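Spelled out, the chains give:
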Amino acid sequence: MSILEVCNLEKHFGDVEVLKNISFSLEKGEALSIIGSSGSGKTTLLRCLNFLETPNGGRILINGNPIFDAADHASRSDEEIRKKRLHFGLVFQSFNLFPQYTALDNVTLAVKLQNKGRPVSEINAEGMALLERMGLADRAGHYPHQLSGGQQQRVAIARALALSPDILCFDEPTSALDPELTGEVLKVIRALAEQETTMIIVTHEMSFARDVSDKVIFMDEGVIVEQGTPEDVFVNPSSERTRQFLSRYGE
Amino acid sequence: MFWTVTLSLFRGMGEALEIFCLTLLFSLPLGLVIAFGSMSRFKPLAKLVNLIIWVIRGTPLMLQLLIIFYGPGLWMENNIWAFSSGRMVACIVAFVINYACYFSVIYRGGIEGVSRGQREAGQVLGMTKSQIFFKVTLLQMVKRIVPPMSNEIITLVKDTSLARVIAITEIIKAGENFIKSDGIIWPLFYTAVYYLIMVGLLTILFNAIERKLSYFR
Ligand SMILES: Nc1ncnc2c1ncn2[C@@H]1O[C@H](COP(=O)(O)OP(=O)(O)OP(=O)(O)O)[C@@H](O)[C@H]1O
Ligand SMILES: [Mg+2]
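In this report, the structure presented in the accompanying data block is examined. (Residues numbered from 1 in each chain as written. Chains lettered and ligands numbered in written order. Predicted model: local features only at pLDDT ≥ 70, side-chain atom pairs only at ≥ 80, totals over all residues. Heavy atoms only, no water.)

1. A word on the packing of helix α3 (residues 103-114) of chain A against helix α4 (residues 120-133) of chain A
Residues and elements named next belong to chain A.
Here is step 1 of the chain: Put simply, α3 and α4 touch, their axes get as near as 9 Å, and they point 130 degrees apart. Viewed along their axes, α3 and α4 adopt a mutual orientation that is oblique. Judged by the sense of rotation from one axis to the other, the crossing of α3 with α4 is right-handed. Contacts between α3 and α4 involve A103, L104, V107, T108, V111 and K112 from the first element and V120, I123, N124, G127, M128, L130 and L131 from the second.
Here is step 2 of the chain: Among the residues forming the contact of α3 with α4, the class breakdown is nine nonpolar, three polar and one charged. (Axes fitted to C-alpha atoms, helices over the stretch in contact; angles between N-to-C directions. Helix = DSSP H or I, 4+ residues; strand = E, 2+ residues; numbered from the N terminus. Parallel < 35°, antiparallel > 145°, perpendicular 65-115°, else oblique. Left-handed = near helix turned anticlockwise from the far one by under 90°. Contact = heavy atoms within 4.5 Å. Nonpolar A, V, L, I, M, F, W, Y, C, P; charged D, E, K, R; others polar.)

As structure tokens, this is what we get:
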């Protein structure tokens, strides 16, 4: 059974339809890349999965269990949404680290709040282990403003991983970074893919998407134009729109 | 002579300090209420509150003092301030309304200045609304509002001298009385010392707070 199934998702802002009939599924351990031009609805899709936006139609299922159903208005209490969104983690384009906490505290804050009974030392040890995986063990005590963009984004990835989400979402994780810093972040994401982390990556890094993903979705104007293996989408695209988009990226 | 002046100025200083402290006591929380009102999603309320803020910030505090003190007696033919400390109460009311409006604008800037991304990061991490407020946004707001608040509070120290327009003998009035009665001006310089000390202490206090919060950006 697919770990994630999205069925006929719809989202509009006022009269503007931003997502139209979005359907796809994702298997455990897979990495899915979403590509598409600016304004095609990629961010909105991730925000819907993370309950930052409420879709106007469709369903979202985790392991076959519906966690969102637009037809069912009953299950929308803050408390339930809070639990359901923990299936997902989200790494923002602009990091959004908490400036008043150290790297380690950024990683552990939510874990501590959710597990009031657990010994703090244990949580901190886990946080340190995560920072180590990100290559940031020596930066644990630094505040975000003392870190480079690439380091901040890696802390943000550790922070998302700390809650062990079923699916980790990235929204253009390297777009806010200087070119020389994107490499270190992509390396971390690549390592996560090798460790079979289930991920959805919105990115403009085409060669990276082609390399790391098991599945690629090309979106345009709120619809999925094409989805398949990286081969399918990058080498043998079936649609003219996909070809045009890819040629602009010099693929 | 020195002791007569000192005694009289101390009485004036008491009045000034009373205005200062009570104004802060009431206008700091009231300002927060007004700030929330001005950001209300119920548009008519937000409009009304913003209109009030505009009027209060757009007119001199001296005018507001006069209207609040003399208005009720003249309009309602019933001076609601006609009790022993009525003058002082009217004065505090005017100051509190005025300063609460100024503070509300500062609070609002602090609240709106914390990016939406901060709240969303908390939400995505499964934090509750109150956890997001207390653990994520509050300290960032405080950091933002400390510098403008310190300016406003230092202005309040000096604004207390306006209370004389409704015949409250605050410290400058107390000093000025000696010009007429004894033809001496040095008590006025003496009053300056009070202001300098007050402002000096507050500056030290706020600098310390700012320094305490300077570990993050
Ligand atoms: N809160 C909102 N209110 C109104 N319109 C919105 C809102 N959020 C997004 N949109 C619109 O929805 C469309 C899709 O936006 P979205 O941010 O999802 O695109 P994107 O694919 O992530 O683009 P980019 O590559 O530039 O990040 C855009 O036309 C945008 O203007
Ligand atoms: Mg986007």
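Still more ground to cover, so stick around.
2. A look at the nonpolar core
As a rule of thumb, soluble globular proteins bury nonpolar side chains together.
Here is step 1 of the chain: By size, the foremost hydrophobic cluster in this structure holds 80 residues, and its most contacted members are A:L4, A:F24, A:I157 and A:I200.
Here is step 2 of the chain: Among residues more than four places away in sequence, those in contact with A:I200 are A:L4, A:F24, A:L26, A:L32, A:I34, A:L46, A:L49, A:I167, A:L168, A:C169 and A:F170.
Here is step 3 of the chain: With 45 residues, the next largest nonpolar core counts B:L9, B:V146, B:L162 and B:A163 among its residues. (Core = buried A, V, L, I, M, F, W, Y, C linked by side-chain atoms within 4.5 Å. Buried < 20%, exposed > 50% of the residue type's maximum accessible area, 1.4 Å probe, protein only.)

3. A look at the sheet that holds strand β2 (residues 16-26) of chain A
Residue and element names in this part refer to chain A.
Here is step 1 of the chain: Strands sit in the order β2-β1-β4-β5 across an open sheet of four strands; the sheet is antiparallel. Only two strands of the sheet have a single neighbouring strand rather than two, namely β2 and β5 (65-69). Within this sheet the neighbouring strands show an average axis-to-axis angle of 20 degrees, counted without direction.
Here is step 2 of the chain: Across five bridges, strand β1 (residues 4-13) lies against strand β4 (residues 57-62) in antiparallel orientation. Residue pairing across strands places E10 opposite G57, the latter belonging to β4. (Pairing = 2+ DSSP bridges.)

4. Quick word on the sheet that holds strand β7 (residues 167-171) of chain A
Residues and elements named next belong to chain A.
Here is step 1 of the chain: If you trace the six strands from one edge of the open sheet to the other, you get β6-β7-β8-β3-β9-β10, paired in mixed fashion. The open sheet has two free edges, formed respectively by β6 (88-91) and β10 (223-228), since each of these has just one partner strand. Between one strand axis and the next, the sheet turns through 20 degrees on average, direction left out of account.
Here is step 2 of the chain: Examined bridge by bridge, β6 and β7 share four bridges and lie parallel to one another. Considered in β7, the bridge of F88 is made with I167.

5. Considerations on a nonpolar patch on the surface
Here is step 1 of the chain: A contiguous nonpolar surface patch, about 930 Å² in accessible area, is contributed by B:M62, B:L63, B:L66, B:I67, B:Y70, B:L74, B:W75, B:M76 and B:I80.
Here is step 2 of the chain: Summarising the element assignment, B:L74 is placed in helix α3 (residues 61-76). (Patch = residues over 30% accessible without salt bridge, like charges linked within 9 Å, V, L, I, M, F, W, Y side chains within 5 Å. Areas by Shrake-Rupley, 256 points an atom, 1.4 Å probe, with all protein chains shown as cover. Salt bridge = Lys/Arg side-chain N within 4 Å of Asp/Glu carboxyl O.)

6. Regarding the interface of chain B and chain A
Here is step 1 of the chain: Chain B puts 21 residues into the contact, and the matching count from chain A is 26 residues.
Here is step 2 of the chain: A buried area of about 2,200 Å², summed over both sides, lies between chain B and chain A, and 60% of it is on carbon and sulfur atoms.
Here is step 3 of the chain: Across the chain B-chain A interface, the total number found is two salt bridges.
Here is step 4 of the chain: Salt-bridge contacts for A:R47 lead to B:E120; the nearest nitrogen and oxygen are separated by 2.8 Å.
Here is step 5 of the chain: At the junction of chain B with chain A, the criterion picks out eleven residue pairs in polar contact (both at pLDDT 80 or more).
Here is step 6 of the chain: Considering every element that reaches the side of chain B that touches chain A, the biggest residue donor is helix α5 (residues 116-124) of chain B, with eight residues.
Here is step 7 of the chain: Taken together, the residues of the side of chain B that touches chain A break down into eight nonpolar, eight polar and five charged. (Buried area = accessible area lost by both parts, 1.4 Å probe. Polar contact = N/O pair within 3.5 Å; in protein donor to acceptor, adjacent residues only side chain to side chain.)

7. Considerations on the packing of aromatic side chains
Here is step 1 of the chain: For the coordinates displayed, the defined rule picks out 15 aromatic pairs over all chains.
Here is step 2 of the chain: A centroid spacing of 5.1 Å and a plane angle of 70 degrees characterise the contact between B:Y215 and B:F216, whose relative ring orientation is edge-to-face.
Here is step 3 of the chain: Looking at B:Y215, the relative accessible area reads 31%, which means it is partly exposed.
Here is step 4 of the chain: The buried category is assigned to B:F216, whose relative accessible area is 2%.
Here is step 5 of the chain: By the ring-pair criterion, three or more aromatic residues cluster together here, those being B:F2, B:W3, B:W186 and B:Y190.
Here is step 6 of the chain: The ring of A:F98 has A:R159 sitting right over it, with the charged end atom 4.6 Å from the ring centre. (Phe/Tyr/Trp six-rings, centres within 6.5 Å; stacked < 30°, edge-to-face > 60°. Lys NZ or Arg CZ within 6 Å of the ring centre and 35° of its normal.)

8. Quick word on the side chain of B:T191
Here is step 1 of the chain: Along the chain, B:T191 falls in helix α8 (residues 186-212).
Here is step 2 of the chain: Beyond its immediate stretch of four places on either side in the chain, B:T191 contacts B:L9, B:I171, B:I172 and B:G175.

9. Thoughts on the pairing of strand β8 (residues 199-202) of chain A
Residue and element names in this part refer to chain A.
Here is step 1 of the chain: Of the two faces of β8, both are covered, the one formed by M199 and I201 as well as the one formed by I200 and V202.
Here is step 2 of the chain: Two elements, β7 and β8, share four bridges in a ladder whose sense is parallel. The partner of F170 across the bridge, within β8, is I201.
Here is step 3 of the chain: In this region the chain leaves β7, passes through helix α6 (residues 179-194) and returns to the parallel neighbour β8; the handedness of that crossover is right-handed. (Right-handed = clockwise from strand over helix to strand, strands pointing away.)

10. Quick word on the packing of α3(B) against helix α4 (residues 86-113) of chain B
Residues and elements named next belong to chain B.
Here is step 1 of the chain: At a minimum axis distance of 9 Å, the contact between α3 and α4 shows a crossing angle of 135 degrees. Taken as axis vectors, α3 and α4 run oblique relative to one another. Regarding α3 and α4, the two cross each other, and that crossing is right-handed. Residues L61, Q64, L65, I68 and F69 of α3 pack against R87, A90, C91, V93, A94, F95, I97, N98 and Y99 of α4.

11. Some points on the environment of A:I200
Here is step 1 of the chain: By the secondary structure assignment, A:I200 is in strand β8.
Here is step 2 of the chain: The spacing of A:I200 and A:K215 is 15 residues in sequence and 9.5 Å in space, taken between C-alpha atoms.

Function-wise, these values are silent; they only describe arrangement.
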